[in-house]
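Fold and contact review
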Amino acid sequence: MKNIEIKVLGSPEELRQVEDLQTLVWGGNDVVPAHLMKASVDSGGLVLGAYKKKEMLGFAFGFVGLHDYDGETGIKHCSHMLAVHPEFQSSGIGFVLKQAQWKVIRKQGLELITWTYAPLESKNAKLNIAKLGAIARTYKKEYYGQMKDQLNTGYPSDRFLVEWWLNSQRALMRLGQRSKPLSLAHYLSGKTEIINTVEWDSDGFPVPHQDRMDKLENKETQPKLVMFQIPADIQSIKNTNRELAHEWRMYSRLIFELFFNHGYIITDFVHQSGNQAAGYYVFSHGDIKLG
């Protein structure tokens, strides 16, 4: 979007606006309070607001944390929340907020930002993995326990832990939009296998059908690159068929954990539009640099 202003927030009045936007986006009363964000900001945390004129259209909130990598403990930024006003989602505001976050945290001297997101949310996967150049190799079951907001209530809170290495070549290329995203056709032309298949029910929703996870068990048959298909819109499935949404959660949990246990890393995500739209995670295996 044009004419979007990004501000670093810190006053109680600004942070109460963030509270209000949380309620609008997620529903319910389970919000991060302004006083906690204020304490975080004063201790090295960061809250960014995206404004058009005086209206807040989005925000990003994170705080300082610790991480273990290669046996050493380091400091990271934990990006806890990112939200965009429902009327302006898919307009690029989330990407602009993450760009600003990248700039500020790099100036702090940190190299890593982590956050979590629901693995079956295709829009989030497209932003986090495809556009920002983050990677995922950690799956956390029931990470938040039972959640109370309207989007997540009654649904297992499984999450990916995303790693965004700020100085990596991947992140620099994606953020600078110096590399064109690869399409499904590109991967298929390179003989990248889609490891699972789906069927389509009477409502036009994908249903897990078959997979070839047995190929992962034998090191001689493990592909270096493989794709896993997920629904293009899990929220529509949740709203129409909760049982099918739960089936996708349980099925994908098994698949993601199996991939990660066999040394695979998610390095890309592809969205395929059309009558039978779908999302595809790209898993890479072998001597892969996180950068």
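The structure contained in this document is the topic of the report that follows. Computed from a predicted model, the values in this text were never measured in an experiment. (Residues numbered from 1 in each chain as written. Predicted model: local features only at pLDDT ≥ 70, side-chain atom pairs only at ≥ 80, totals over all residues. Heavy atoms only, no water.)

**What to know about the overall build of the protein**
Selection criterion: Helix and strand labels come from DSSP, where a helix needs a run of H or I of at least four residues and a strand needs a run of E of at least two; each type is numbered from the N terminus. Only the C-alpha atoms count toward the radius of gyration. The rule for a globule is 2.2 Å times the residue count to the power 0.38. Three labels apply to residues, based on accessible area from a 1.4 Å probe with only protein chains included: buried if under 20% of the type maximum, exposed if over 50%, partly exposed otherwise in between. For this analysis, residues touch if any pair of their heavy atoms sits within 4.5 Å. In this tally, Asp and Glu contribute negative charge and Lys and Arg positive charge; neither His nor the terminal groups of the chain are included. Charged side chains are reduced to one point each, which is NZ for Lys, CZ for Arg, CG for Asp and CD for Glu.
Per the secondary structure count, the protein includes nine helices and 13 strands. On C-alpha atoms alone, the protein measures out to a radius of gyration of 19 Å, which is about the 19 Å that the 2.2 N^0.38 rule sets for 291 residues. C-alpha extents for the protein along the principal axes are approximately 55 × 45 × 35 Å. Residue burial in the protein is summarised as follows: out of 291 residues, 49% are buried. Within the protein, contacts between residues separated by at least 24 positions form 67% of all contacts whose residues are at least 6 apart in sequence. Of the side-chain charges in the protein, 34 are positive and 32 negative, and the distance between the mean point of each set is 8 Å.

**Description of the side chain of Arg253**
Mapped onto the fold, Arg253 is located in helix H9 (residues 242-261). When neighbours within four sequence positions are excluded, Arg253 is seen to be in contact with Tyr139, Lys141, Glu142, Pro156 and Asp158.

**Notes on the layout of surface pockets**
To keep it simple, the criterion reads: In this analysis the probe radius is 1.4 Å and the grid spacing 1 Å, with only protein atoms considered; a cavity is a set of points the probe fits into but cannot get out of, a pocket is an open set with protein on both sides within 12 Å along at least five of seven lines, and lining residues have an atom within 4 Å of a point. Grid points are joined across faces, edges and corners, and a volume is the space filled by probe spheres set on the points. Any residue outside Ala, Val, Leu, Ile, Met, Phe, Trp, Tyr, Cys, Pro, Asp, Glu, Lys and Arg is labelled polar, Gly included; the first ten of those are nonpolar and the last four are charged.
Estimated volume of the largest pocket: approximately 1600 Å³. Along the walls of the largest pocket sit 45 residues, with Trp26, Leu82, Ala83, Glu121 and Asn124 positioned nearest its centre. Every element with two or more residues in the lining of the largest pocket is listed here: helix H1 (12-26), strand S4 (72-84), helix H3 (93-107), strand S5 (112-117), helix H4 (122-131) and helix H8 (234-240). If one sorts the elements of the lining of the largest pocket by residue count, H4 sits on top with seven residues. Quantified by volume, the second largest pocket comes out at close to 370 Å³. Along the walls of the second largest pocket sit 19 residues, with Ala130, Lys131, Lys180, Pro181 and Leu182 positioned nearest its centre. Those elements that place two or more of their residues in the lining of the second largest pocket are H4, helix H5 (169-175), helix H6 (184-189) and strand S12 (265-272). If one sorts the elements of the lining of the second largest pocket by residue count, S12 sits on top with five residues. Grouping the constituent residues of the lining of the second largest pocket by class yields nine nonpolar, five polar and five charged.

**Focus: the packing of aromatic side chains**
The condition that has to hold: When two rings of Phe, Tyr or Trp (its six-membered ring) have centres within 6.5 Å they constitute a pair, described as stacked for plane angles under 30 degrees, edge-to-face for angles over 60, and tilted for the intermediate range. In this scheme, the term charge over a ring applies when either NZ of a lysine or CZ of an arginine sits within 6 Å of the ring centre and within 35 degrees of the ring normal.
Counted according to the given criterion, the structure contains 19 aromatic pairs. Between the aromatic rings of Phe256 and Tyr281, the centroid separation amounts to 5.5 Å while the plane-to-plane angle is 90 degrees, which identifies the pairing as edge-to-face. Of this pair, Phe256 sits in helix H9 while Tyr281 is found in strand S13 (residues 278-284), placing the two residues 25 residues apart along the sequence. Taken individually, Phe256 and Tyr281 each receive the classification buried, so the pair is uniform in this respect. On the basis of relative accessibility, which here comes to 0%, the residue Tyr281 falls in the buried class. Residue placement shows Lys7 over the ring face of Tyr51; its charged tip is 4.6 Å from the ring centre.

**Here's the deal with the environment of Asn241**
For Asn241, the position within the fold is in the loop between H8 and H9. Note on Asn241: relative accessible area 25%, which makes it partly exposed. As for Asn241 and Phe205, which are separated by 36 residues in sequence, their C-alpha atoms are 9.2 Å apart.

**Observations concerning H9**
Just so we agree on the cut-off: Multiplying one less than the number of residues by 1.5 Å gives the expected span of a helix.
The end-to-end C-alpha separation of H9 is 28 Å, in line with the 28 Å expected for 20 residues at 1.5 Å each. Of all the residues in H9, the buried ones are Leu244, Ala245, Trp248, Arg249, Tyr251, Ser252, Arg253, Ile255, Phe256, Phe259 and Phe260. Positive phi appears at Gly263, one or two residues downstream of H9, with a value of about 85 degrees.

**With respect to the side chain of Gln22**
Position of Gln22 relative to the elements: it lies in helix H1. In contact with Gln22, not counting residues within four places along its chain, are Gly27, Val31, Val32, Met37, Phe59 and Met81.

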